[in-house]
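Okay, here's what each chain looks like letter by letter:
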Amino acid sequence: MTHVCRQLVGVGGSCAGWVGLIFATATNDWVRTCDYSVATCLRMDELGSRGLWAECVVSPSLYHCVSLDQMFSLPAYVQVSRALMIAACLLGVPALLLVLMSMPCIRLPSNYSATVKKRRTQVGGVLFIVMAVFGAVATVWFPVGANKAEHLMSFGYSLYVGWVGAGLCLLGGVVILCFQVALITNPSRENSFFYSRRGGTAREVDSSANHAKTERV
């Protein structure tokens, strides 16, 4: 039961992190910039907001965005951050499916052994960790590049959400992999050998048959 709860915690954390990465990718409040001096921007109460897909002007009376659709003329940090975040969002689909299909409560056809489930869980956990690395690199590189290109005022809420999402994906992936290590170090009795009184030899039986024999004894 402890192993199942641990896997559920890992899956829940990874899913929450995946949602955070999708939200950060879709929104455009990654960094707040200023076209003038800091004192002028504060006095005018007008800041620029930049994301992966648009540049916006934010003020009490105005919110105007310009789409960044000139792909080949964009700075390298914007293009690389886009690619990393999109890849992280897409990797979440196979990672989640692999981990869910390996849950103990999911019954697969008889030709799928427990080893296949363990391998799927391991691959899913690794994919969540790769998502975390992609998200962390993108959310760190983008503000660094924006600060070099123009004066950076502060970080936006999208960037914070991306950091939290990357951290949750990393935590969830590590918990899922630790769940598999715990199963390897403490193997279940599913593949154990039980002594048969009739034949006098050891043979492998499933857990349900062994349970039935125990009740008859």
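Anything mentioned here points back to the structure above.
So, here is what we can say about the structure in this document. Computed from a prediction, not measured in an experiment: that's the story for all the values here.

A look at the pairing of strand E3 (residues 54-59)
- Bridge count for strand E2 (residues 47-50) against E3 is 4 bridges, and the pairing is antiparallel. Within E3, the position partnered with Leu 47 by the bridge is Val 58.
- Between E2 and E3, which follow one another and run antiparallel, lie 3 residues.
- Pairing between E3 and strand E4 (residues 62-67): 6 bridges, direction antiparallel. Across the sheet, the residue bridging to Cys 56 is Cys 65, located in E4.
- Counting the residues that bridge the hairpin from E3 to E4 gives 2 residues.

Overview of the side chain of Ser 14
- Within the element layout of this structure, Ser 14 appears in helix H1 (residues 2-26).
- Residue Ser 14 is classed as buried on the basis of its relative accessible area, which comes to 0%.
- Non-local contacts of Ser 14, meaning those with residues more than four positions away in its chain, are made with Phe 128, Leu 168, Cys 169, Gly 172, Gly 173 and Ile 176.

A word on a nonpolar patch on the surface
- There is a patch of nonpolar side chains on the surface, built from Val 133, Val 137, Val 140, Trp 141, Val 144, Phe 155, Tyr 160 and Trp 163 and spanning about 680 Å² of accessible area.
- Those elements that place two or more of their residues in the nonpolar patch are helix H4 (114-149) and helix H5 (157-185).
- Following the sequence through the fold, Val 137 ends up in helix H4.

Digging into the environment of Asn 28
- For Asn 28, the location among the structural elements is in the loop between H1 and strand E1 (31-33).
- Along the sequence, Asn 28 and Ser 158 sit 130 residues apart, while their C-alpha atoms lie 6.9 Å from each other.
- When near neighbours in sequence (up to four residues on either side) are disregarded, Asn 28 contacts Ser 49, Arg 50, Gly 51, Leu 52, Trp 53, Ala 54 and Ser 158.

Some points on the state of the cysteines
- By the definition in use, this model includes 1 disulfide.
- Paired through a disulfide, Cys 56 and Cys 65 show a sulfur-sulfur distance of 2.0 Å. Between Cys 56 and Cys 65, the disulfide has an S-S torsion of 100 degrees and is therefore right-handed.
- Since its relative accessible area comes to 4%, Cys 56 is described here as buried.
- Since its relative accessible area comes to 34%, Cys 65 is described here as partly exposed.
- The thiol of Cys 15 is unpaired, and the distance to the nearest cysteine sulfur, on Cys 169, comes to 8.8 Å.

A few points about the packing of aromatic side chains
- Applying the stated criterion to the full structure yields 6 aromatic pairs.
- Taking the centre distance of 6.3 Å and the plane angle of 75 degrees together, the rings of Phe 155 and Tyr 160 count as edge-to-face.
- Given a relative accessible area of 34%, Phe 155 falls into the partly exposed group.
- Each ring, one from Tyr 160 and one from Trp 163, has its centre 5.5 Å from the other, and the planes form 85 degrees; the classification is edge-to-face. Taken together, the positions of Tyr 160 and Trp 163, both in helix H5 and 3 residues apart, correspond to about one turn of that helix.
- According to the relative accessible area criterion, Trp 163 is partly exposed, its value standing at 31%.
- Among the aromatic residues, those joined into a ring-pair cluster are Trp 30, Tyr 77 and Phe 142.

Cut-offs applied
The residue numbers shown here count from 1 along each chain, following its written sequence. Reporting in this predicted model follows two pLDDT cut-offs: at least 70 for local features of residues, and 80 or more for side-chain atom pairs to be given and counted; totals over whole chains, interfaces and linings ignore these cut-offs and use all residues. Side-chain numbers come from the whole structure's heavy atoms, not from hydrogens or water. What makes two strands pair is DSSP finding at least two bridges between them. Segments assigned H or I by DSSP are reported as helices when at least four residues long, segments assigned E as strands when at least two residues long, and all are numbered from the N terminus. Throughout, exposure labels follow a simple rule: accessible area from a 1.4 Å probe, protein chains only, divided by the maximum for the residue type, with under 20% read as buried, over 50% as exposed, and the rest as partly exposed. Whether two residues are in contact is decided by their heavy atoms, any of which lying within 4.5 Å being enough. Residues enter a patch when their relative accessible area is above 30% and they make no salt bridge; the linking distance is 9 Å between like charges and 5 Å between nonpolar side chains (Val, Leu, Ile, Met, Phe, Trp, Tyr). The protein chains shown are the only cover counted for residues, whose accessible areas, like all others here, come from Shrake-Rupley with a 1.4 Å probe. What makes a salt bridge here is a side-chain nitrogen of Lys or Arg within 4 Å of a carboxyl oxygen of Asp or Glu, nothing more. Any two cysteine sulfur atoms lying within 2.5 Å of each other are counted as a disulfide. Only Phe, Tyr and Trp rings take part, Trp by its six-membered ring, and two of them pair if their centres are within 6.5 Å. Stacked means planes under 30 degrees apart, edge-to-face means over 60, and tilted covers everything else.

Everything listed here is a matter of coordinates, which is why it stays silent on function.
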